[in-house]
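A look at the structure
Here's the letter readout for the chains.
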Amino acid sequence: MIDLLSLAQQDMEALATANGFPKFRGKQLYEWCHKKEIFDYGAMTNLSRDFIAFLKANTVINRGELLTVTSSGKEDALKFLLRFDGALIETVLMRYHPKSGGERNTLCISTQAGCAMGCKFCATAKNGLSRNLTTGEIIDQVNFANAYLRQNNGESVSNVVYMGMGEPLANYDAVWKSIGILNDAKNIGMRRITVSTCGLVPAIDRLAEERSQLTLAVSLHSANDALRRQLMPIAKKYPLPQLMEALNRYMAMTKRRVTIEYALFDRVNDGEKDARELALLLKRQGFHVNLIPGNPVAETDLKTSSKQHIAAFAAVLKEHNIETSIRESRGQDVEGACGQLRAKYTNS
Ligand code: SAH
């Protein structure tokens, strides 16, 4: 059975024409599945009866199952626990309602069940990789958040960050296809999409070739290769010099500034020396640095940096004219903050 949620518009058009239906049926179907987010064949009122019969016999709309929604005290972060064909997935919705307007609903989506990268500070890494998610499963996370927002206050997801469970660039095809659908069906501009990677060099080069306007974020966490290798095993395969060269190629090809993510852990990578090393590595290359207070993860002795250490670290970068921001941490109380996603489900 073909899963419609994994199909782009041209795939649906090809499905229609290959089976003797007019091409425009594919476009209509795409609008139901991805724009209107209607998942019941019977409600797709402009489709012909014989096309619906064909769809029922040959396709499925493979929705995940929403197990729980956990909301943080202020409802500024909500964690959705979903199940897709046995795989437990978490998706986090962060709602920003600044008094000055400019409301945003940012959804942090997962691309794999588990993760193979083994970063020492990340909860998702603990049980390894179960499997890649399909395009449809990636998109369906947005469907659930949109349904929640629609019911709640008529809003929808405005920004998407590929920063949930898994390594997006290790599931490149499904991820890239999902980005296309977000962009042309769900009204999410490329500049409001961020893909975060631990630094898979060949895939970064491949993404550069797409010349898209999305934001690439790279999890660096140390400018020192020896320390980085300890924290992130992927650094053994792609050491810093190779990674930095790839990022420079990426910026040259796309003309887009790359974000460097740096999670600060107490006395591990948050000293002044670490900041100077980072400043030296990044100088004059137009990166944006996003400092993230490291979130505590069970079974590790990593602790978050103090406010003073974070401020001192940021000050060193600013001294070197490196554009720096400190990410406000959200969702900690629902275990939905960066690095805390490890889907667990108990029937209690
Ligand atoms: N695999 C991708 C995306 C998923 S992780 C990547 O590595 O970028 C999203 C971000 O959260 C990454 O920057 C990751 O390094 C960071 N992260 C993981 N564990 C964390 C923790 N305990 N505290 C703060 N950030 C963490």
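The model shown is predicted, which means the values in this text are computed figures rather than measured ones.

The next point concerns the pattern of salt bridges. Inspection of every chain in the model, using the stated rule, returns 16 salt bridges. The residue Lys186 makes a salt bridge to Glu37 at a minimum N-O spacing of 2.8 Å. A residue pair is termed long-range when its members are at least 10 positions apart, and Lys186 in the loop between α5 (172-185) and β10 (193-197) and Glu37 in the loop between α2 (23-35) and α3 (49-58) qualify at 149 residues. Both residues of the pair, Lys186 and Glu37, belong to the buried class. Between Glu272 and Arg276 there is a salt bridge, with its nearest N and O atoms 2.8 Å apart. Placement of the pair is Glu272 and Arg276 together in helix α10 (residues 272-282), with a separation of 4 residues, close to one helical turn. Arg276 gets classed as partly exposed once you look at its relative accessible area, which sits at 36%.

So, on to the site of the ligand. In the vicinity of the ligand lie 21 residues, with Phe121, Ser196, Ser219, His221 and Asn295 positioned nearest. Protein coverage of the free-state accessible area of the ligand, which is 530 Å², stands at 96%. Of all the secondary structure elements, the ones that give two or more residues to the shell around the ligand are β10 and β12 (259-264). Residues of the shell around the ligand, tallied by class, amount to 10 nonpolar, 9 polar and 2 charged.

The pairing of strand β13 (residues 288-293) with strand β14 (residues 323-326) spans 4 bridges and is parallel. Bridging across to β14, Leu291 finds its partner in Ile326.

The interhelical angle for the contact between helix α4 (residues 135-153) and α5, taken along N-to-C directions, is 40 degrees, at an axis separation of 8 Å. By the criterion of interaxial angle, the relationship of α4 to α5 is oblique. Of the two possible hands of crossing, α4 and α5 adopt the one that is right-handed. Facing Thr135, Ile138, Ile139 and Val142 of α4, the residues of α5 in contact are Ala174, Val175, Lys177, Ser178, Ile181 and Leu182. Class assignment of the residues belonging to the contact of α4 with α5 gives a composition of 7 nonpolar, 2 polar and 1 charged.

What follows covers the domain arrangement of the protein chain. As far as domains go, the protein chain holds domain 1 (2-60) and domain 2 (65-334). Put simply, the middle of domain 1 and the middle of domain 2, counted by C-alpha atoms, are 33 Å apart. If you look at the interface, domain 1 gives 12 residues, while domain 2 gives 13 residues. In this assembly, domain 1 packs against domain 2 so that about 930 Å² is buried in total across both faces, 44% of it on carbon and sulfur atoms. Glu37 is paired through a salt bridge with Arg150; the nearest N and O atoms lie 3.0 Å apart. At the surface where domain 1 touches domain 2, the tally comes to 8 residue pairs in polar contact (both at pLDDT 80 or more). Ranked by the residues each element gives to the side of domain 1 that touches domain 2, the list is headed by α2, at 4 residues. In terms of residue class, the side of domain 1 that touches domain 2 is made up of 6 nonpolar, 2 polar and 4 charged.

Considering all chains together, one arrives at 6 aromatic pairs under this definition. Ring centres 4.9 Å apart and planes at 40 degrees place the aromatic pair Tyr262 and Phe313 in the tilted group. Taken together, the positions of Tyr262 in strand β12 and Phe313 in helix α11 (residues 307-319) put the pair 51 residues apart, joining distant regions of the chain. The pair Tyr262 / Phe313 is uniform in exposure class, with both members buried. In this structure, Lys36 packs its charged tip against the face of Trp32, placed 3.8 Å from the ring centre. Directly above the aromatic system of Tyr96 lies the positively charged group of Arg104, at a separation of 4.3 Å from the ring centroid.

Turning our eyes to something else, we now look at the nonpolar core. Membership of the largest hydrophobic core comes to 102 residues, with the highest contact counts inside it found for Leu4, Leu29, Tyr162, Leu247 and Leu278. If we skip the residues at most four places from it in the chain, Leu247 touches Ile204, Leu216, Val218, Val258, Ile260 and Phe287. Counting 7 residues, the second largest nonpolar core, distinct from the first, contains Tyr96, Cys108, Val161 and Leu341.

Cut-offs used in this document
- Residues numbered from 1 in each chain as written.
- Predicted model: local features only at pLDDT ≥ 70, side-chain atom pairs only at ≥ 80, totals over all residues.
- Heavy atoms only, no water.
- Salt bridge = Lys/Arg side-chain N within 4 Å of Asp/Glu carboxyl O.
- Helix = DSSP H or I, 4+ residues; strand = E, 2+ residues; numbered from the N terminus.
- Buried < 20%, exposed > 50% of the residue type's maximum accessible area, 1.4 Å probe, protein only.
- Near = heavy atom within 4 Å.
- Areas by Shrake-Rupley, 256 points an atom, 1.4 Å probe, with all protein chains shown as cover.
- Nonpolar A, V, L, I, M, F, W, Y, C, P; charged D, E, K, R; others polar.
- Pairing = 2+ DSSP bridges.
- Axes fitted to C-alpha atoms, helices over the stretch in contact; angles between N-to-C directions.
- Parallel < 35°, antiparallel > 145°, perpendicular 65-115°, else oblique.
- Left-handed = near helix turned anticlockwise from the far one by under 90°.
- Contact = heavy atoms within 4.5 Å.
- Domains from an automatic or database assignment.
- Buried area = accessible area lost by both parts, 1.4 Å probe.
- Polar contact = N/O pair within 3.5 Å; in protein donor to acceptor, adjacent residues only side chain to side chain.
- Phe/Tyr/Trp six-rings, centres within 6.5 Å; stacked < 30°, edge-to-face > 60°.
- Lys NZ or Arg CZ within 6 Å of the ring centre and 35° of its normal.
- Core = buried A, V, L, I, M, F, W, Y, C linked by side-chain atoms within 4.5 Å.

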